Amino acid sequence: MAFTPPDFEMRDSLPRIGWTGKLIAGLWGFADATFFFILPDIWLTYVGLRHGTFPVLLAALFVTLGGLLGGLALYFFAAAEPAEARNLLLMLPAVNPEALREAREILARWDAIAIVGNPYSLLPFKVLAVEAPAAKVQPLFFGLATFFAYLSRAFLIALIAGFLGWLFRRTFGTRRLIVWAMVFWAVMYALFFARFYM
């Protein structure tokens, strides 16, 4: 039997994501870029497993746009009120003075390029957004770097989730896959926060 790309043969049978799902993706991206500490990867995983590859790629685009708007909002807030922005960040889990200092050092060395590579590090994006104005990162370059940073991670997670859904949906069922995925994310976050508080 010829290979069939993910979801081509069953795309019409999968539930549609709808505007509510896209709105959740966009708002989660905005929240992640500002003061929320749970990544939108969880929502993208759910969408990919339940709705398929094409809807989750669309959701990833909305996450990216939300992240861009949130990143710019935090950037301009930090430019106007740097001390207040830092104090608000320090109230979040896994953000400490060492993270702020690390962000300053990375930005001083790499400028906006540091933001592009950030999605694959443990340093929260919002820390870089707050320190970027003081590091003289220009708004245009910050915006471009933020867009590509969110796009690369969101699309990677979307493709993985869509592929896993296509690969295992018929064997295990959508509901079971989603439960396993949520357990996986719960364990990952437990280990992440344990790294800072144990």
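Right above here is the structure, for reference.
Remember, it's a predicted structure, so these values are computed and weren't measured experimentally. Counting restarts for each chain, with residues numbered from 1 along the sequence as it is written. This being a predicted model, a pLDDT of at least 70 is required before a residue's local features are given, and a value of 80 or more before pairs of side-chain atoms are given or counted; all residues contribute to the totals for chains, interfaces and linings. Each side-chain value is derived from all of the structure's non-hydrogen atoms; neither hydrogens nor water enter the calculation.

*Asks:* Which residues make up the overall build of the protein chain, and what are the values?
*Replies:* Secondary structure counts use DSSP, requiring at least four H or I residues in a row for a helix and at least two E residues in a row for a strand, with both numbered from the N terminus. The helix and strand inventory of the protein chain stands at nine helices and zero strands. Moving toward the C terminus, one meets the helices and strands of the protein chain in the order α-α-α-α-α-α-α-α-α. It is over C-alpha atoms that the radius of gyration is taken, and the globule rule equals 2.2 Å times the number of residues to the power 0.38. In terms of C-alpha radius of gyration, the protein chain reaches 18 Å, essentially the compact-globule figure of 16 Å for 198 residues. Seen through its C-alpha atoms, the protein chain measures out along the principal axes to roughly 60 × 40 × 30 Å. Throughout this description, buried means an accessible area under 20% of the type-specific maximum (1.4 Å probe, protein chains only), exposed means over 50%, and partly exposed covers the range between. In the protein chain, buried positions account for 43% of the 198 residues. Considering only contacts within the protein chain whose residues lie at least 6 apart along the sequence, 79% involve residues at least 24 apart. About 10800 Å² of surface is accessible on the protein chain, with carbon and sulfur atoms providing 70% of the total. Two residues form a contact once any of their heavy atoms are found within 4.5 Å. Throughout, the Shrake-Rupley method with a 1.4 Å probe supplies accessible areas, and for residues the shown protein chains are the sole cover considered.

*Asks:* Before we move on, could you go through unusual backbone geometry and cite the residues and values that matter?
*Replies:* The residue Asp111 is not glycine, and still its phi comes out positive at about 55°. Relative to the elements of secondary structure, Asp111 occurs in the loop between helix H5 (97-110) and helix H6 (113-117). Phi is positive for Lys136, close to 65°, though the residue is something other than glycine. Here Lys136 shows up in the loop between helix H7 (125-131) and helix H8 (139-172).

*Asks:* Describe in detail the packing of aromatic side chains, supporting the description with residues and values.
*Replies:* Aromatic ring pairs are reported here in terms of the distance separating the ring centres and the angle at which the planes meet. Between 30 and 60 degrees the pair is tilted, below 30 it is stacked and above 60 it is edge-to-face, where a pair is any two Phe, Tyr or Trp rings, Trp via its six-membered ring, whose centres lie within 6.5 Å. Evaluated as defined, the whole model comprises 17 aromatic pairs. Between Phe125 and Tyr150, the aromatic rings sit 5.3 Å apart at their centres with planes inclined by 80°, giving edge-to-face as the arrangement. Here Phe125 is found in helix H7, whereas its partner Tyr150 is found in helix H8, with 25 residues between them in sequence. Residue class for Phe125 comes out buried when judged on its relative accessible area of 9%. Among the aromatic residues, those joined into a ring-pair cluster are Trp28, Phe36, Phe37, Phe184, Trp185, Tyr189, Phe192 and Phe193. Criterion for a charge above a ring: Arg CZ or Lys NZ at most 6 Å from the ring centre, at most 35 degrees from the ring normal. Over the aromatic face of Trp19 sits the side chain of Lys22, whose NZ or CZ is 4.3 Å from the ring centroid.

*Asks:* Please provide a residue-by-residue account of the nonpolar core, values included.
*Replies:* Nonpolar cores were defined as sets of buried Ala, Val, Leu, Ile, Met, Phe, Trp, Tyr and Cys residues, with membership established by side-chain atoms within 4.5 Å. Core analysis: the largest hydrophobic core is formed by 46 residues, its most contacted members being Leu44, Leu89, Leu107, Ile115, Phe125, Val127 and Phe142. Beyond its immediate sequence surroundings of up to four residues, Leu89 is in contact with Thr34, Phe35, Val95, Leu100, Lys126, Val127 and Val130.

*Asks:* Describe the environment of Leu128, naming the residues involved and giving the relevant values.
*Replies:* Turning to its location among the elements, Leu128 is positioned in helix H7. Look at Leu128 and you get buried, because its relative accessible area is 1%. In this structure, Leu128 is in contact with Ala103, Leu107, Ala114, Ile115, Asn118 and Leu123, ignoring residues within four places of it in sequence.

*Asks:* Quick rundown of the pattern of salt bridges? Include the residues and the values.
*Replies:* Only one rule defines a salt bridge in this text: a Lys or Arg side-chain nitrogen within 4 Å of an Asp or Glu carboxyl oxygen. Evaluation of the coordinates by the stated rule reveals three salt bridges. One salt-bridge network, in which partners are shared between bridges, spans Arg86, Arg104 and Glu131.

*Asks:* With reference to specific residues and values, describe the environment of Leu144.
*Replies:* Note on placement: Leu144 falls in helix H8. Accessibility expressed as a relative area gives 43% for Leu144, which makes it partly exposed. For the pair Leu144 and Ala112, spaced 32 residues apart in the sequence, the C-alpha separation amounts to 8.6 Å.

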